[in-house]
Each structure stands twice: as structure tokens, then as C-alpha cells.
Amino acid sequence: MKKFKTLLLIFIAFKLTVLIAYLTYGKLHVQLIHFEHIATEDVQFNDIYYSTNKNKINHIEEKQVVLINAGSINKDTAFRKNLAFLINKVAEYQPKTIGLDFYFDHATTHDSLLQQVITKNNVVIAIDGKANHKNIFTSSKKGIINFPSKTGETVREYYNFMQIAGNNTPSFVNVLSGVEKEDSVAYLKYCTNNKGFYDILNPNEKINIQNFPAIEAIAILNSMDTALFREYIKNKIVIIGHLGTDYMENEFDVEDKHRVPTDANLFNRNLTMPGAVIHANAIQMLLQKDEMVAVEGWLYELITSLILFGYLFLFYTIHHKYKLGKLFNILIILASTIPVIFFACIYLMDLGIYYKVGSLFMQIAFLEEFIEIAEGFKRKFTNNKAHE
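These lines cover the structure that appears in this document, whether it is placed above or below. In this text, all values refer to a predicted model and were calculated from it rather than measured experimentally.

## A short note on the side chain of His258
Point 1. With respect to the secondary-structure elements, His258 resides in strand S12 (residues 257–258).
Point 2. Look at His258 and you get buried, because its relative accessible area is 19%.
Point 3. When near neighbours in sequence (up to four residues on either side) are disregarded, His258 contacts Phe147, Val155, Asn270, Leu271, Thr272, Met273, Pro274, Gly275 and Ile278.

## Topic: the packing of aromatic side chains
Point 1. Applying the stated rule across the entire model yields nine aromatic pairs.
Point 2. Look at Tyr49 and Tyr50: their rings are 5.1 Å apart centre to centre, the planes differ by 75°, and that puts the pair in the edge-to-face class.
Point 3. Owing to a relative accessible area of 1%, Tyr49 belongs among the buried residues under this scheme.
Point 4. Taken together, a centroid distance of 6.2 Å and an interplanar angle of 70° make the contact between Tyr93 and Phe229 edge-to-face. With Tyr93 in the loop between helix H5 (79–92) and strand S2 (97–100) and Phe229 in helix H9 (residues 226–233), the pair connects residues that are 136 residues apart, well separated along the chain.
Point 5. The class of Phe229 is buried, set by a relative accessible area of 0%.
Point 6. Site record: aromatic cluster; members linked through ring pairs are Phe79, Phe102, Phe104 and Phe137.

Basis of the calculations
Residues numbered from 1 in each chain as written. Predicted model: local features only at pLDDT ≥ 70, side-chain atom pairs only at ≥ 80, totals over all residues. Heavy atoms only, no water. Helix = DSSP H or I, 4+ residues; strand = E, 2+ residues; numbered from the N terminus. Buried < 20%, exposed > 50% of the residue type's maximum accessible area, 1.4 Å probe, protein only. Contact = heavy atoms within 4.5 Å. Phe/Tyr/Trp six-rings, centres within 6.5 Å; stacked < 30°, edge-to-face > 60°.

So, in C-alpha cells, the structure goes:
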């Protein structure tokens, strides 16, 4: 009982210290500290899941979305005219629905033609959730396009809806999929690898059933393989967006590309996945009902505290029984956190449960140091008491 009380006091002191440090951190203006925060704030150990998930069932399910790269259409005064022709041609292949992943800020030539085609085919158009762009076109179907993450951060979440002018406006993804959700923000469970798409007409590119099929817009406009297009497009959700300027394999094109957790690099990720492909992943996830449920709020704090208390018991017992050096302490931390990584970052995420372990690991490392400090104070207090 005495040991439990000691551990409880140490744990309470530890949590109070962490809380004070967290509240103080935001008010500090030390350049080095803020630089380190910027360098690590985008790192999530949960992303390890995607490196081990390449052959899971949600990767090989038939894809319900087909991508069309409008970047192969020349961006001249006839762009909107060609886009209108493209939508009409795609509609002839009887897709389930068509989404237009573009903002049109200003008026130009051929607007009336494009508006007619959008209305005729009931095309889903995009609204900027951040209100940085407007869309001059209207449709009976429209959805917001916005990711909750900061600009440049890895996209792990998406909005199901946002409040615009006092009304809940559904996301581009939810309108296209026809699936409504109660939570405004949801975690994405990616079902693709690398860039997330492949060109169905590129003979040099191996067909990757784990990624979404993609077609160059110019190929459809030129009616290069109508039978193949019909096979891929019929009864599927079609997203017309930007996959690359001139051609989708343009690796130097960074327009509308984002960092994603499917990138094997945990640090300094490149812009690899177009926004249209992220939408396709979200749609596939919703249609398959293979979603992520985040552990947050009081439940997250409770689970984290229980795990930390277990580590406190482990570290405290070791400190009392053995005189180990710093290197051994670090090795113990590493060895004991590997099972947590496997359980939280692979097993739970495979079940669709998202429990963040990043801050947990930082607290575990700090906890080991905190015990040494607490033990030092205890010894000093005991010695002083003995000399009285």
C-alpha cells in the first residue's frame, strides 16, 4: 500500500509537471524550442501502419472511383469549352456520378456552355471550405473541399461537413459517395500505395489493383479507346481533377499535391498525392465502411494514464532493485515501447481504431527522467530528516 501511495504521488506530480510545461510552452518565445516543434509536429508513429498494410483486403477491393486528369487539357481560353465536352463524353459512359475537383474564381469565355453541361449532368462541384476561392458555377450537388490539417502537413483527416453561413454543408466526398456522417471530422484510412493511381492506357505501367485507375482527359476527348473507357467508367464515381500538368506521370508537377501517411518517410515527406486521389480514398473508405474511429477526449486521457502508470511501476521497480546506467534505461524504454507500437500502430489501426501514440512516447521518455529527479528529492529529504 505504501508503494502504491508513493507511485500515485509521483504520478500526480508528473502529470502536473507535464500540464504546466504544456501551458507554458505556447507562451515561450525561444527560437530553438519552436524550431524543434515545427520539425516534429507532423510526425505520427501511427503512420507505420501504412508501411505494413500493402496487402490488406481494403487495398484489393474493387475500386469504386475512376480519376480523369484534366491537366492534359491545354489551359487556354478553350479550357472550359473542352472541359464541357469532356463531361459530356464521360456522361455517355454512364457513370454513377461525376465530380469536378476545381475552383473557378472568375468568369471567362465558354462559361455558359460549361454551366449548361454541369446542370444537365448533375455534376458535383467544389466549394472552398476556407473561403479562399469562390466557384462561379452552380449545381444542385455541391460539397466543400478542405482538409483539417495545416497547410503542408500530412493529410490524415477530412471534413464530413462544415458550417457555412449557419448551415451544415456536406463535403465533396460525402456528396459523391452519398454517405452522410454525424461527425464533422473523420480520420482517413488510405487504401492505396505511393501516389495512389495508375494510367490505364500506359503500356509501360503495370496495372496496380491497389491503386485507382486514371485516364488522361485528352485521351477521352480524342476517343482513343471507347470500349475500355466504358468498362472502367460505367456505374463508377468519376472525379475530374488535376493529376499532373500535360500528363499524369509528370513527377515535377506539384499543383494540388499533398503529403500523405502512405509515404514510407516519417520525416520531411514530399508532396506525392493529388487532392483528387485523397478524395477517392475517402470515398472508397466510406463505401466499404472500412473507417477509422479515433480515441479522443477523456477516454484517450484515461487509457494514456493507465499505460503511463504501468510504465511508472516498471521504472520505479527497476530503479529500486538495480543500479543501471543511462544506456540500459534507454534500451529498456525502447524494448518496452515496441509492443505498444505494434498494438496501437498496427493491430488497432487494422481494426479501424486510431489511438495516437506520439505524445505517449514523449511522456514515457520524460517519465523515466522524472523518476530519477523524484528519487533524488526523496533521498535528499530523507537525509535531511535523518540529520535533524
